[in-house]
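# Residue-level structural notes
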Amino acid sequence: MFTDTHCHIYQEYYDNIDEIYNNAINNNVNRFIVCGCSKKDNDEVLAIKRNDVYKVIGFHPDQASIYQDSDIEELRQYKNQIIAIGEIGLDYYYGKDDIDKQKELFRKQLKLAEELNLPVVIHSRDAVMDTMNILKEYDVQGVIHSFSGSLEVAKEYIKMGFILGINGVITFKNCNLKEVIKEIGVDHIIFETDSPYLTPVPYRGEKNEPAHIYDIAKFVSELCNIDMKKLSEITNKNINRIFDI
């Protein structure tokens, strides 16, 4: 059985949430880590009542100009309901107009995670060096969500104690991640969908869902010449290195 270690199963995206979970279970995906990105999302994640769902809450870098310090402090009270702080980090894809605010938000949440002894789920887009340098300021470990970087970057994150989150991007035709994964092997990766985004081949154009973890795992199984049962065992072991589930 597999775990979707990063998905956004919100009412905003799905009218049939129970069916989404059932489809995944029928495709050998039996655990779900649902991540928040904003105050609204965090509240919805916290309200989920399923024993197979594990909760991660935090503020995405796109919240850098609108969050309040009280929002960060409020996360503290949910320590016993969550397994990590996330999705947090830096995103320079649309420009660097709010770079200082992003870094400030990132640091505040890393400090909180360090204080609460919780792992972190890191969003880093076009911001590798700043992400790495800031992470090194804190005693935290966690997941580099939606990793798609170079072999050198992968090795550095692994050296820092992080696991790489691999999703449908690896199935894309021109994705260089295939060579990276073949080089580093499967001992430092976990699978995620980032649903409803990043739908894997051959379903591109459709809304993503946790059931596609199985398709991502099958792709990596064939890529690395490892059977699915063994791959499931290894990636679940990797999950347990980071998350208390």
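Up top is the structure these notes are about.
Presented here is a report on the structure given in the accompanying data block. (Residues numbered from 1 in each chain as written. Predicted model: local features only at pLDDT ≥ 70, side-chain atom pairs only at ≥ 80, totals over all residues. Heavy atoms only, no water.)

## A short note on the overall build of the protein
Formally: A helix here means a DSSP run of H or I that spans at least four residues, while a strand means a run of E at least two residues long, and both kinds are numbered starting from the N terminus. Radius of gyration here is computed from C-alpha atoms only, and the compact-globule reference equals 2.2 Å multiplied by the residue count raised to the power 0.38. Partly exposed describes any residue whose relative accessible area lies between the buried limit of under 20% and the exposed limit of over 50%, with all areas from a 1.4 Å probe on protein chains only and scaled to the type maximum. Residue contacts are defined here by distance: any two heavy atoms, one from each residue, within 4.5 Å place the two residues in contact. The Shrake-Rupley method, run with a 1.4 Å probe sphere, supplies the accessible areas, and residue values consider only the shown protein chains as cover. Neither His nor the chain termini are counted; the positive set is Lys and Arg, and the negative set is Asp and Glu. Note on charges: their place is set at NZ of Lys, CZ of Arg, CG of Asp or CD of Glu.
When you go through the protein residue by residue, the secondary structure sums to 9 helices and 8 strands. Its C-alpha atoms give the protein a radius of gyration of 17 Å, near enough to 18 Å, the size a compact globule of 245 residues would have. Considering only C-alpha atoms, the protein reaches an extent of 45 × 40 × 30 Å along its principal axes. Classification of the 245 residues of the protein by burial places 56% in the buried group. Across the protein, contacts joining residues at least 24 apart in sequence account for 68% of those joining residues at least 6 apart. Just so you have it, the protein exposes about 11500 Å², and 44% of that area is on carbon and sulfur atoms. Taken together, the 28 basic and 40 acidic charged side chains of the protein have centroids lying 4 Å from each other.

## Quick notes on helix H1 (residues 17-25)
How we decide: As used here, the arc is the angular range of directions from the helix axis to the C-beta atoms.
Regarding H1, the residues found buried are Ile-20, Tyr-21 and Ala-24. The buried residues of H1 occupy an angular sector of 95° when the element is viewed end-on, so they sit on one face. Those residues of H1 that are buried are in contact with strand E2 (29-35) and strand E3 (53-57).

## Section: the packing of aromatic side chains
As a reminder of what qualifies: Think of it this way: a Phe, Tyr or Trp ring, Trp meaning its six-membered ring, pairs with another when their centres are within 6.5 Å, and the plane angle makes it stacked under 30 degrees, edge-to-face over 60, tilted otherwise.
Under the defined criterion, the tally for this structure stands at 8 aromatic pairs. Note on Tyr-10 and Tyr-13: the rings are 5.6 Å apart at their centroids and 25° apart in plane angle, and the pair reads as stacked. Aromatic pair Tyr-93 and Tyr-94: ring centres 4.9 Å apart, planes at 85°, arrangement edge-to-face. Look at Tyr-93 and you get partly exposed, because its relative accessible area is 44%. Look at Tyr-94 and you get exposed, because its relative accessible area is 73%. Every member of this aromatic cluster is reached through a ring pair, and the members are Phe-2, Phe-191 and Tyr-214.

## Quick look at the side chain of Gln-63
On the secondary structure map, Gln-63 appears in the loop between E3 and helix H3 (69-75). The buried category is assigned to Gln-63, whose relative accessible area is 15%. Once residues lying within four places of it in the same chain are set aside, the contact partners of Gln-63 are Cys-37, Ser-38 and Leu-105.

## A short note on the sheet that holds strand E8 (residues 189-191)
Rules: In this scheme, strands are said to pair when DSSP sees at least two bridges between them. Here an angle of 0 to 180 degrees is reported between the N-to-C directions of two axes, which are lines fitted to C-alpha atoms, with helices fitted over the stretch in contact.
Taking strand neighbours across the sheet as the criterion, the 8 strands line up as E1-E2-E3-E4-E5-E6-E7-E8 in an open arrangement whose pairing is parallel. The open sheet terminates on both sides in strands that have one partner only, identified here as strand E1 (2-7) and E8. Along the sheet, successive strands turn relative to each other by an average axial angle of 30°, direction set aside. Judged from the 3 bridges that link them, strand E5 (residues 120-125) and strand E6 (residues 142-144) form a sheet pairing that is parallel. Its bridge partner lying in E6, Val-120 is registered against Gly-142. Docked against the sheet, helix H2 (residues 39-46) engages E2 and E3, running at close to 155° with respect to E3.

## A short note on the pattern of salt bridges
Applied cut-off: Salt bridge, as used here, is a side-chain nitrogen of Lys or Arg placed within 4 Å of a carboxyl oxygen of Asp or Glu.
Taken as a whole, this structure holds 12 salt bridges when the rule is applied. Asp-69 serves as the salt-bridge partner of Lys-108, at 2.5 Å between the closest nitrogen and oxygen. Of this pair, Lys-108 sits in helix H4 (residues 99-116) while Asp-69 sits in helix H3, and the two are 39 residues apart along the sequence. Its relative accessible area of 26% is what places Lys-108 among the partly exposed residues. Glu-156 is the partner of Lys-136 in a salt bridge, and the nearest nitrogen-oxygen pair spans 3.2 Å. Here the residue Lys-136 occupies a position in the loop between helix H5 (128-135) and E6, and Glu-156 occupies one in helix H6 (residues 151-159), the gap between them amounting to 20 residues. Lys-136 sits in the partly exposed class, given a relative accessible area of 49%. Since its relative accessible area comes to 23%, Glu-156 is described here as partly exposed. Beyond isolated ion pairs, a larger network of salt bridges with shared partners links Glu-73, Arg-76, Lys-111 and Glu-115.

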